[in-house]
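Structural description and commentary
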Amino acid sequence: MAKKVADLLVEVLAQAGVQRIYGVTGDSLNGITDSLRSRSDFEWIHVRHEETAAFAAGADAHLTGKLAVCAGSCGPGNLHLINGLYDCQRNRVPVLAIAAQIPSAEIGSGYFQETDPKHLFAQCSHYCELVSNAEQMPRVLEIAMQTAISQRGVAVIALPGDVALGDAVEREPRLRFPVPQPTVCPSEDEINTLADLLNRSKRITILGGAGCAGAHAELIELAGKLQAPIVHAMRGKEFIEYDNPFDVGMTGLLGFSSGYHAMMNCDVLLMLGTDFPYQQFFPKDATIVQIDLRGEQLGRRTKVDYGLIGDTKTTLRSLLPKLEQNQDDAHLRRSVEHYRKARKGLDELATGNPGKKPIHPQYVTRVVDQLASEDAIFTCDVGTPTIWAARYLTMNGKRRLLGSFNHGSMANALPQAIGAQITYPGRQVISISGDGGLAMLMGDLLTLKQHDLPVKTIVLRNDSLAFVELEMKASGFVDFGTDLRNPEFATIAEGAGILGLKAETPEQVEPMIAQGLKHDGPALVEVLVSRQELSMPPTITLEQAKGFGLFMAKAVLSGRGDEIIDLARVNLLR
Ligand SMILES: Cc1cc2nc3c(=O)[nH]c(=O)nc-3n(C[C@H](O)[C@H](O)[C@H](O)COP(=O)(O)OP(=O)(O)OC[C@H]3O[C@@H](n4cnc5c(N)ncnc54)[C@H](O)[C@@H]3O)c2cc1C
Ligand SMILES: Cc1ncc(C[n+]2csc(CCOP(=O)(O)OP(=O)(O)O)c2C)c(N)n1
Ligand SMILES: [Mg+2]
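Note that the structure is a prediction, hence the values are computed from the model and not measured. (Residues numbered from 1 in each chain as written. Chains lettered and ligands numbered in written order. Predicted model: local features only at pLDDT ≥ 70, side-chain atom pairs only at ≥ 80, totals over all residues. Heavy atoms only, no water.)

**So, the nonpolar core**
Formed by 58 residues in total, the largest nonpolar core has its most connected members in Val364, Phe378, Leu401, Val509, Ile513 and Val527. For this core, the leading source of residues is helix H16 (residues 384-392), giving 5 residues. The contacts of Val527, once residues within four sequence positions are left out, are Ile359, Val364, Ile458, Val459, Leu460, Arg461, Ala503 and Val509. Membership of the second largest hydrophobic core comes to 44 residues, among which are Ala53, Cys70, Leu453 and Val459. (Core = buried A, V, L, I, M, F, W, Y, C linked by side-chain atoms within 4.5 Å. Buried < 20%, exposed > 50% of the residue type's maximum accessible area, 1.4 Å probe, protein only. Helix = DSSP H or I, 4+ residues; strand = E, 2+ residues; numbered from the N terminus. Contact = heavy atoms within 4.5 Å.)

This is the structure in structure tokens:
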């Protein structure tokens, strides 16, 4: 039988190590689904909403570092991918999206379901091309894959159903090399200049991010030589926080006062593989060094005095031998001590008093953290679950933490958990979902049953869009449109064939989460948590509240609901 373009496409993907496509079928995708149906080395992961497919592929790519693929049928089918693809693009994970297209002869006529994927996906991809002719394959596909892998982000091919079903012209994949693994290092002169600067400085703070993945040992050695506290940005948490005596937590609104202080009170700030987005949290007077794999990232968030292009691990390896031991550990000691106090303050909030409502979400997250396995994969929804995950989930080098941290989309946690569980069937996968977030893509609870995915969904039910409610209050708005009249999520889960549990009192939290985690199959634990955990400081007057939004943007929420820690440099007498 003649090889079809769709067969060639699946073959190219399989040869590159891709094992599955996440998506929802449609007739424009028939060629592809029919082609992979007959292969034993390739799976079609059928979800209930294409947005879920894109988030799931993003989680797959994040966890493995390898190319993941999602697909949507023509028009509305692939349009549904878009929010998840934005998330993948912002997370810099290699994802290929196959956007099936209407019959090629109809393009431009306003035909049934017609959209223009090249326009639609232009903003959330590095490459987006229409395949209008069999002779373009597999070259266009391979360019798309190479772009997604090398630029780390999204590439899209738009493929009309008729072209996919047409006879292939080329017979096989053109590219047969493994994924290149270059090392990128600043020049020797640049490394020497940096070493000189660091050897001359006493109060140095490191801000590390996701670009420190794989460089843990070098990072710890660096901090030891420089006597530097390490602050991490949210996406760096899973790679930096563990086995780290220099850890002083995060900065930012959700961070720790210790992270903030360590950054604001250094003479030299060394940014490593981070794109921490909030300008207000950078020191004004310090000398700032930024090292990033991508030159275009340098100076995006703050003024930079020394900008270097390099991979964190490679750069630190060439820098370390040139560094002298800093003998002054005052800055480090103060920062670490401050962290210990801030940590203690937050830990005191993560308790559950038997018989005494409300249930604090901090406590729920702490229980999840304690009961979760050594190599659990956590996902957390945008909203307050992100705060609790940042503060109460402990990383250990084996655990992973995924969220929609850069794109900031709600409803990410369940879809990402689906991708994580498909990718690692043997690992425990826990989604910490908001009640608003879960409801948004709730149809994909059915996917857990459909594919027998033992994902554990913990729903922090506060009957509100609480994060936004907090933001409204903080900006002086009367909160509006944030009430949720919720169903009982445990009953909905049961209806979907999933174990559903509901914890209404603090003493139910631990046993029910334990039961859910132990359950051999998907489980959902709905926990009725208090709505306002981070309320406005009571001392704020109406007059002060006017400028409160601005003030908040420069402070860290203490987590106590009674104060915001003002962190101006002058207040540092602590
Ligand atoms: C509701 C909400 C609230 C939030 N509040 C906070 C907060 O208070 N504090 C906080 O920290 N975050 C917060 N975030 C997350 C925040 O928006 C950013 O996503 C996060 O700070 C970015 O983390 P990052 O710098 O580690 O990762 P990224 O933004 O992914 O940046 C990584 C950088 O590393 C570079 N890089 C990649 N690989 C390498 C390599 N091998 N070598 C060198 N460089 C490399 C990349 O080019 C990039 O510049 C919040 C998110 C949400 C949704
Ligand atoms: C798709 C999308 N819509 C709206 C928002 C704005 N937003 C951010 S957090 C949030 C509330 C999330 O509510 P929920 O999932 O219940 O979590 P909670 O904060 O209540 O714990 C909203 C509406 C968003 N980030 N993404
Ligand atoms: Mg909520």
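Having seen it, we continue.
**Focus: the coordination of the magnesium ion (ligand 3)**
Coordination of the magnesium ion (ligand 3) by the protein is provided by Asp435 (OD), Asn462 (OD1) and Ser464 (O), with metal-donor distances spanning 2.0 to 2.1 Å. Along the chain, the residues donating to the magnesium ion (ligand 3) are arranged with the sequence spacing D-x26-N-x1-S. A residue pair is termed long-range when its members are at least 10 positions apart, and Asp435 in helix H18 (residues 435-440) and Asn462 in the loop between strand E16 (456-461) and helix H20 (466-474) qualify at 27 residues. For the pair shown, Asp435 and Asn462 are each scored as buried. (Donors = N, O, S within 2.8 Å, 3.2 Å for Na, K, Ca; no water.)

**Considerations on the sheet that holds strand E18 (residues 523-528)**
Across the sheet, 6 strands lie side by side as E14-E13-E15-E16-E18-E17; this open sheet has parallel pairing. What marks the edges here is a single partner per strand, and that holds for strand E14 (400-403) and strand E17 (499-503). When strand polarity is set aside, the average angle formed by the axes of neighbouring strands in this sheet is 15°. The sheet contact formed by E17 and E18 spans 5 bridges and is parallel. Considered in E18, the bridge of Lys502 is made with Glu526. Across the sheet, helix H15 (residues 361-371) touches strand E13 (377-380), strand E15 (429-434), E16 and E18, and the angle it forms with E16 is around 165°. Across the face of the sheet, helix H17 (residues 413-423) comes into contact with E13, E14, E15 and E16 while running at roughly 170° to E15. (Pairing = 2+ DSSP bridges. Axes fitted to C-alpha atoms, helices over the stretch in contact; angles between N-to-C directions.)

**A closer look at the pattern of salt bridges**
Under the definition given, this model contains 29 salt bridges. Among the ionic pairs, Asp329 bridges to Arg333, the shortest N-O distance being 3.3 Å. Under the relative-accessibility criterion, Asp329 is labelled partly exposed at 28%. A relative accessible area of 54% places Arg333 in the exposed class. Among the charged side chains, a salt-bridge network with shared partners connects Arg92, Asp275 and Arg301. (Salt bridge = Lys/Arg side-chain N within 4 Å of Asp/Glu carboxyl O.)

**Comments concerning the site of ligand 2**
Taken together, 17 residues form the shell around ligand 2, and within it Thr384, Asp435, Gly436, Gly437 and Ala466 come nearest. Within the backbone of Gly436, an N or O atom sits 2.8 Å from an oxygen atom of ligand 2. Phe467 places a main-chain nitrogen or oxygen 2.9 Å from an oxygen atom of ligand 2. Contact with the protein chains hides 78% of the accessible area of ligand 2, taken as 590 Å² for the molecule alone. Residues that form the shell around ligand 2 fall into these classes: 7 nonpolar, 9 polar and 1 charged. (Near = heavy atom within 4 Å. Polar contact = N/O pair within 3.5 Å; in protein donor to acceptor, adjacent residues only side chain to side chain. Areas by Shrake-Rupley, 256 points an atom, 1.4 Å probe, with all protein chains shown as cover. Nonpolar A, V, L, I, M, F, W, Y, C, P; charged D, E, K, R; others polar.)

**A few points about the site of ligand 1**
Near ligand 1 lie 32 residues; those nearest to it are Arg235, Thr274, Asp292, Arg294 and Asn406. Measuring from a nitrogen atom of ligand 1, one finds a backbone N or O atom of Leu293 at 3.2 Å. At a separation of 3.0 Å, an oxygen atom of ligand 1 approaches a polar side-chain atom of Gln297. Burial of ligand 1 by the protein chains amounts to 92% of its free accessible area of 1000 Å².

**Quick word on the side chain of Glu469**
As for its position among the elements, Glu469 is in helix H20. We classify Glu469 as buried; its relative accessible area is 3%. A distance of 2.5 Å separates a polar atom in the side chain of Glu469 from a polar atom in the side chain of Thr482. Leaving out residues up to four positions away in the same chain, Glu469 has contacts with Ser464, Asp479, Thr482, Arg531 and Gln532.

**Digging into H17**
Counting buried positions along H17 yields 11 of 11 residues, so the element is predominantly enclosed. Within H17, burial applies to Ala413, Leu414, Pro415, Gln416, Ala417, Ile418, Gly419, Ala420, Gln421, Ile422 and Thr423.

**Some thoughts on unusual backbone geometry**
Here Met137 and Pro138 are connected by a cis peptide whose omega angle stands at 10°. Its place among the elements puts Pro138 in the loop between strand E5 (127-130) and helix H7 (139-151). Following Lys357, the chain continues into Pro358 via a peptide bond in cis, with omega recorded as 0°. By secondary structure assignment, the location of Pro358 is in the loop between helix H14 (330-349) and H15. The phi angle at Arg92 is positive, at roughly 55°, despite the residue not being glycine. Structurally, Arg92 can be placed in the loop between helix H5 (82-91) and strand E4 (95-101). Taking relative accessible area as the criterion, Arg92 reaches 21% and is therefore assigned partly exposed. Positive phi is not limited to glycine here, since Gln227 has a value of about 50°. Residue position: Gln227 is located in the loop between helix H10 (216-226) and strand E8 (230-232).

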